[in-house]
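Architecture at a glance
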Amino acid sequence: MRLIDGNLIAQEVLAEIKARVARLAPIIPHVAFIRVGEDPASVSYVTKKQKTAAEVGMQASIKVFPETVTQADLFKHIDALNADSSVHGILIQAPLPKHLSETDVFNRVASQKDVDGFGTLSIGKLVQEIPGAFAACTPAGVIELLKRSNIETTGKHAVVVGRSLIVGKPAAILLISKACNCTVTITHSQTKDLSAIVRQADIVIAAIGKPKFITADMIKPGAVVIDVGINRVADATKKNGYALIGDVDFENVSKVSSAISPVPGGVGPMTVAMLMKNTLDACERANARG
Ligand code: GUN
């Protein structure tokens with residue numbers, strides 16, 4: 001069994017990004033974050049993204065709104081960032097409170113600054129395989145993990161477990177694109193006989209948000225397993241009171257798979273690295289436009 005080390009691969013990607021950022025001087029790529037409320041996972045993700053931006057020489061700014069913010073106030077701030085030529089990428093951390101429409105909020109971001117790839121135009125461009133389309137960072141990170149681990153994708157059957165806008169759907173689009181050439185099945189909570197379908201997979205992308213949902217009996221021997229789940233599970237033995245558990249029963253699945261990404265240290269760091277890459281791409285493009 002081969003461990004797909006996301007920390008190591010993300011460091012490789014970030015080193016390349018840092019070199020590209022340095023070449024852009026005096027222009028500094030700038031990613032603007034918006035966070036609504038104090039969801040602990042969101043606070044931790046955005047903090048990590050800000051730190052990584054600083055490490056590769058990018059600027060990161062953040063605006064935090066209270067849970068009660070109106071969509072109009074949020075739009076006002078997004079509009080100002082859209083109009084600010086020093087901002088190259090805008091990221092609104094999901095999930096948003098229920099009274100806000102995530103799709104409307106994501107679509108307010110100017111498409112050339114949609115480094116999260118959640119806007120209608122970005123997704124459309126991804127489907128149309130238009131070069132330079134922003135792919136959502138987590139699925140882009142999954143593909144980068146596969147590519148940099150030299151895992152053959154052409155002709156392979158990839159089964160995506162989960163159909164979210166953030167992971168499942170864009171992951172499937174990327175896997176069927178000519179860059180990967182997989183045959184793709186998307187499964188979800190209403191899929192009948194999910195285990196039998198996952199068992200057919202050469203590559204399993206687990207993005208369902210349920211701890212240890214994918215068990216060893218669901219894996220074809222020799223399959224490659226990418227675990228996108230980051231579930232916080234209460235654990236009194238941990239300092240912060242919780243453990244991070246993936247969607248895959250790592251201990252047992254790793255005995256059957258040929259390669260597997262762990263949680264933590266798998267897809268998570270790649271998501272952050274791909275955000276930096278998308279922001280840098282956005283900055284280089286804005287600069288080329290003049
Ligand atoms: N919430 C979970 N993952 C992500 C992500 O990649 N981007 C944003 N904006 N929110 C998220």
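We now turn to the structure provided with this report. Predicted model only: the values in this text are computed from it and were never measured.

Calculation notes
Residues numbered from 1 in each chain as written. Predicted model: local features only at pLDDT ≥ 70, side-chain atom pairs only at ≥ 80, totals over all residues. Heavy atoms only, no water. 1 Å grid on protein atoms, 1.4 Å probe; cavity = no way out; pocket = protein on both sides within 12 Å on 5 of 7 lines; lining within 4 Å. Points joined across faces, edges and corners; volume = space filled by probe spheres on them. Helix = DSSP H or I, 4+ residues; strand = E, 2+ residues; numbered from the N terminus. Nonpolar A, V, L, I, M, F, W, Y, C, P; charged D, E, K, R; others polar. Expected span 1.5 Å × (residues − 1). Near = heavy atom within 4 Å. Polar contact = N/O pair within 3.5 Å; in protein donor to acceptor, adjacent residues only side chain to side chain. Areas by Shrake-Rupley, 256 points an atom, 1.4 Å probe, with all protein chains shown as cover. Salt bridge = Lys/Arg side-chain N within 4 Å of Asp/Glu carboxyl O. Patch = residues over 30% accessible without salt bridge, like charges linked within 9 Å, V, L, I, M, F, W, Y side chains within 5 Å. Buried < 20%, exposed > 50% of the residue type's maximum accessible area, 1.4 Å probe, protein only. Pairing = 2+ DSSP bridges. Contact = heavy atoms within 4.5 Å. Lys, Arg positive; Asp, Glu negative; His and termini not counted.

Another point: the layout of surface pockets. In this structure, the second largest pocket occupies an estimated 460 Å³ of space. Along the wall of the second largest pocket there are 23 residues; nearest its centre are L126, G132, A133, A135 and L174. Among the elements of the structure, helix 5 (120–127), helix 6 (137–148), helix 7 (168–176) and helix 10 (267–289) are those that each provide at least two residues to the lining of the second largest pocket. Broken down by element, the lining of the second largest pocket gets its largest block of residues, five residues, from helix 10. In terms of residue class, the lining of the second largest pocket is built from twelve nonpolar, three polar and eight charged.

To continue, consider helix 10. End to end, helix 10 covers 33 Å across 23 residues, agreeing with the expected 33 Å (1.5 Å per residue, within 8%). Directly after helix 10, the chain includes G290, whose backbone phi takes a positive value near 75°.

What follows deals with the site of the ligand. Taken together, the neighbourhood of the ligand is formed by K49, L91, I92, Q93, A94, D116, F118, T138 and I166. One nitrogen or oxygen atom from the main chain of I92 is found 2.8 Å from a nitrogen atom belonging to the ligand. Interatomic distance of 3.2 Å between a side-chain N/O atom of Q93 and a nitrogen atom of the ligand. When the free accessible area of the ligand is taken as 280 Å², the share hidden by the protein chains comes to 86%.

Below, the discussion takes up the pattern of salt bridges. Under the definition given, this model contains ten salt bridges. E284 is the partner of R20 in a salt bridge, and the nearest nitrogen-oxygen pair spans 2.7 Å. Taken as a pair, R20 in helix 1 (residues 6–24) and E284 in helix 10 lie far apart in primary sequence, 264 residues in all. The partner of D73 in a salt bridge is K76, and the shortest N-O contact between them spans 3.8 Å. Note that D73 and K76 are positioned in helix 3 (residues 71–83) at a spacing of three residues, about one turn of the helix. What you see here is one network of salt bridges that share partners, running through E12, E16, E144 and R148.

The next thing to look at is a nonpolar patch on the surface. A grouping of M1, L3 and F250 is seen on the molecular surface, where their side chains present a nonpolar patch of about 290 Å² in accessible area. Secondary-structure assignment places F250 in helix 9 (residues 250–253). Since its relative accessible area comes to 30%, F250 is described here as partly exposed.

Attention now goes to the pairing of strand 8 (residues 224–227). Residues V224 and I226 point to one face of strand 8 and V225 and D227 to the other, with burial holding for every one of them. Examined bridge by bridge, strand 7 (residues 203–206) and strand 8 share four bridges and lie parallel to one another. Within the sheet, the bridge partner assigned to A206 lies in strand 8 and is D227. Note that strand 8 and strand 11 (residues 259–260) share two bridges and pair parallel. Bridging across to strand 11, V224 finds its partner in A259.

Here the focus is empty space enclosed by the protein. One pass over the structure, following the stated rule, counts one cavity of 30 Å³ or more. When its volume is computed, the largest cavity comes out at roughly 40 Å³. Taken together, I90, L91, I92, F106, V109, D114, D116 and F118 make up the full set of residues lining the largest cavity. For the lining of the largest cavity, the residue count by class is six nonpolar, no polar and two charged.

The subject of this paragraph is the environment of I9. Examined against the element boundaries, I9 turns out to sit in helix 1. For the pair I9 and A171, spaced 162 residues apart in sequence, the C-alpha to C-alpha distance is 19 Å. When residues no more than four places from it in sequence are discounted, the contact partners of I9 are I4, L145, R148, S149 and M270.

Attention now goes to the side chain of D227. Within the secondary structure layout, D227 lies in strand 8. Put simply, D227 is tucked away with no salt bridge, and the nearest opposite charge, on K212, sits 10.0 Å away. In terms of polar contacts, D227 uses its side chain to reach the backbone amide nitrogen of G229, at 3.1 Å. Polar side-chain contacts of D227 include one of 2.8 Å to the backbone nitrogen of D247. Residues contacting D227, with those up to four places away along its chain left out, are A206, G246, D247, V248, S261, V263 and V267.

Bear in mind that shape data such as this cannot, by itself, settle questions of function.
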